[in-house]
Amino acid sequence: MAEKYIFKKIKQSNMFPQLPQVMLRLIKACNNEKTSIDELTEIISADPSLTSRLIQILGSPYINLPTAIGSIKTAVDFLGKDTIQNIAVSTSAMRFFNFSKTAPESVIGKIWYHSYKCGVIARKIAQENNFPNPDEFFLAGLLHDVGRLVLLQNFPDDYKAILQTSSNEKQTISAEMEMFGADTPQISAWLFSQWNLNPLISDAVFFINESIEQIEGALSHVKVVFIANFLARQDALEKIPDILSLTDLPRTRLEQIVITAEEDVLEMAKNLDINLSEAQDTFYEDSLTSEIKNLSLFYGTLQNLLHAMDIETVLDIVHNGFKIIFNTPRMFYFLLDEKKNILTGSCSSNDTSHKIIKSIALPLSNKSSLLVKCLKELKIQNSLKITAEEKLAISDEQIIRLLKTKGMYCIPIYSSERTSGVMVLGVNEITAKNLEDNKGLVKLFSKQTGVCIQGIQFYKDYAVDIHEKKMEAYSTMTDKVIHEINNPISIIKNYIETLGLKLPDKHPAQDELLIIGEEMNRVAGLLDQLRSFSRPTIDGFELVDINKVCKSMLELLKKSILLPKQIEASISLDPEIPKIKTDLNGLKQVVINLVKNAAEAMDKGGKITLATQFLSESKKILIDEKQQIPGSIELIISDNGPGIEEKVKETLFEPYTTTKAGTSNSGLGLSIVHSIVKELNGKIRCETTHGKGTSFIITLPVSSSKKNKDKG
């Protein structure tokens, strides 16, 4: 058939589709900001069948309006112009998809799904770029495949043969050209011209199947509709990098557009009573319903991820997401510790191998490990693809045995800014194939996990950085103050001593000079306290029995501080705790200051508890290497006093912050503790409940060494 002949035959047939004028008027009216609700109501009401159908839709439970709707005007009042337009235009456009009665419902359902998704994406991209009349782009995307519907209706037997012999879009287009002398984009563009639509959107449809290289030099309408059609494909998420040259929108934004467009499609399908399950047996794409389900479930997981406040919660949410969508039986994580250059194991606390996995670490120097390869190359690694000749690393075989599956599927966790680690899923051949078939979704899962972990880590690091800079500023200022005050103090003390020598021993002024000298010594003592905060003195690191130190210090403090205040003291020591390498005097000063601080907060007596424990999960075994990371211990000093106010807690370790209201306390005790703990390479945190008490938890490494300080 000649090309002109096919157009002529379609035009002369009784099955030539007419574009509903209501749709055009609606689009034009909604693009005009001055259009009133009354004008919009009048346009919709001009089509009785559309009005009836719209009222029916608005009354459905999916819309969930607060009251019964009796008129279009009432509906517009409730839902707003944009929502009504979307429903009305989509309802009007459904006439095209009901136009062909000869094609299977699965084929029509598939065309509707792809077309509507293409339209939604086109409009979103147009809006992102602030193009005028974004609904023109929506219309182009929505009706870009109308030519196929026309061919299905006018030549049912011929087109049935095409569907049976074509397995993808390229083959279908080629078969259309061979049989009819024109393909779907050409017929759709011709119909657009017959309806007197904007020639630019007609061109966008005509060139929709050109190469990316050709599209790069095209106008915006062509580019937007091409991108939308590309993103409406099943494998869009993993193919996004291919089209980045056509748009200024970043990859992450395009991914979000695809996900939200999927939600819009599902919502509209509900509103229009379209059963997408009928589209399962598509003519060249596999399991449409499965894709919709997976994306919908992923979107739900993504929503949960956005509310996660810590990394452990993020990992639990992702684990559940993979379990629901891909039916993966078990999942481990190996997170990157950049300081130690290792991957540390983690998994759900409910997993039977939880303690074992938490004790495992992988050095990044282990190049034979699939996990290390996955992290460094940022590529998915599947152990089932490793041949017998290649042979797995021993660490990989150990992890597979812990997973209790035939193989493992390693997915890098990363974002645009940094790499966070590796997800390790237990798989068999079927599970691995399912993951491979949905690689785009898997990558998006891993990338969103990376973004969430990066965000949480950023705020955590930022808070630590700000605090340390603030403490460093206090230290610098304190050093200057000490230096400036020490000079006049030394001069005054020398003059007092000289004056005392000049006066007779029994001169009345000698007593006054003695008092002045004592006060000057007290000022010097305060300066020494300031120096302890600014630059705590750390003598040297040695092996220390922390249980023995806690016992002896508590006995000493009982007599001097606790018993006079009627405070009960108890101790709970972990007998398995190893000796730690630290500074003995620094550790003693930390215990004294914290016990003293707790005692001062309890005027009416109370209870103080010292406890130690070895953090067994912090001890790591480096697989494939005969090495261990010794781990950490905790020293906890708790009281059942009044607790600390939230406002005070925010600046607790800053100098001149006191927990004892109404006292003359200098507020240096906790800042000195913080400085010493930092010099001991440890961390300190405070947990407090108003009216119930406070705990200070100090974490110290089992093996450590004195920090090197810059001289000068």
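Anything mentioned here points back to the structure above.
Peer 1: Describe the pairing of strand β1 (residues 331-337), naming the residues involved and giving the relevant values.
Peer 2: Counting buried residues in β1 gives five out of seven residues, a clear majority hidden from the surface. Sheet topology note: the β1/strand β6 (residues 419-427) ladder contains five bridges and is antiparallel. By the bridge assignment, Tyr 333 is partnered in β6 with Met 423. Sheet topology note: the β1/strand β2 (residues 342-347) ladder contains six bridges and is antiparallel.

Peer 1: Give me unusual backbone geometry: which residues, what numbers.
Peer 2: For Asn 130, which is not glycine, the phi dihedral falls at a positive 60 degrees. Position of Asn 130 relative to the elements: it lies in the loop between α7 (105-128) and α8 (134-142). A relative accessible area of 68% means that Asn 130 is categorised as exposed. Its identity is not glycine, yet Asn 681 carries a phi of approximately 65 degrees, on the positive side. Checked against the element boundaries, Asn 681 lands in the loop between α29 (669-679) and β14 (683-689).

Peer 1: Help me get a handle on the pattern of salt bridges, residues and values and all.
Peer 2: Applying the stated criterion across every chain yields a total of 13 salt bridges. As a salt-bridge pair, Glu 262 and Lys 117 come within 3.0 Å of each other at their nearest N and O atoms. Taken together, the positions of Glu 262 in helix α17 (residues 251-271) and Lys 117 in helix α7 put the pair 145 residues apart, joining distant regions of the chain. A relative accessible area of 1% places Glu 262 in the buried class. You can call Lys 117 buried: its relative accessible area is 1%. One salt-bridge network, in which partners are shared between bridges, spans Arg 148, Glu 169 and Glu 176.

Conventions and cut-offs
Residues numbered from 1 in each chain as written. Predicted model: local features only at pLDDT ≥ 70, side-chain atom pairs only at ≥ 80, totals over all residues. Heavy atoms only, no water. Buried < 20%, exposed > 50% of the residue type's maximum accessible area, 1.4 Å probe, protein only. Helix = DSSP H or I, 4+ residues; strand = E, 2+ residues; numbered from the N terminus. Pairing = 2+ DSSP bridges. Salt bridge = Lys/Arg side-chain N within 4 Å of Asp/Glu carboxyl O.

Fair warning: the whole summary comes from geometry, so function is off the table for now.
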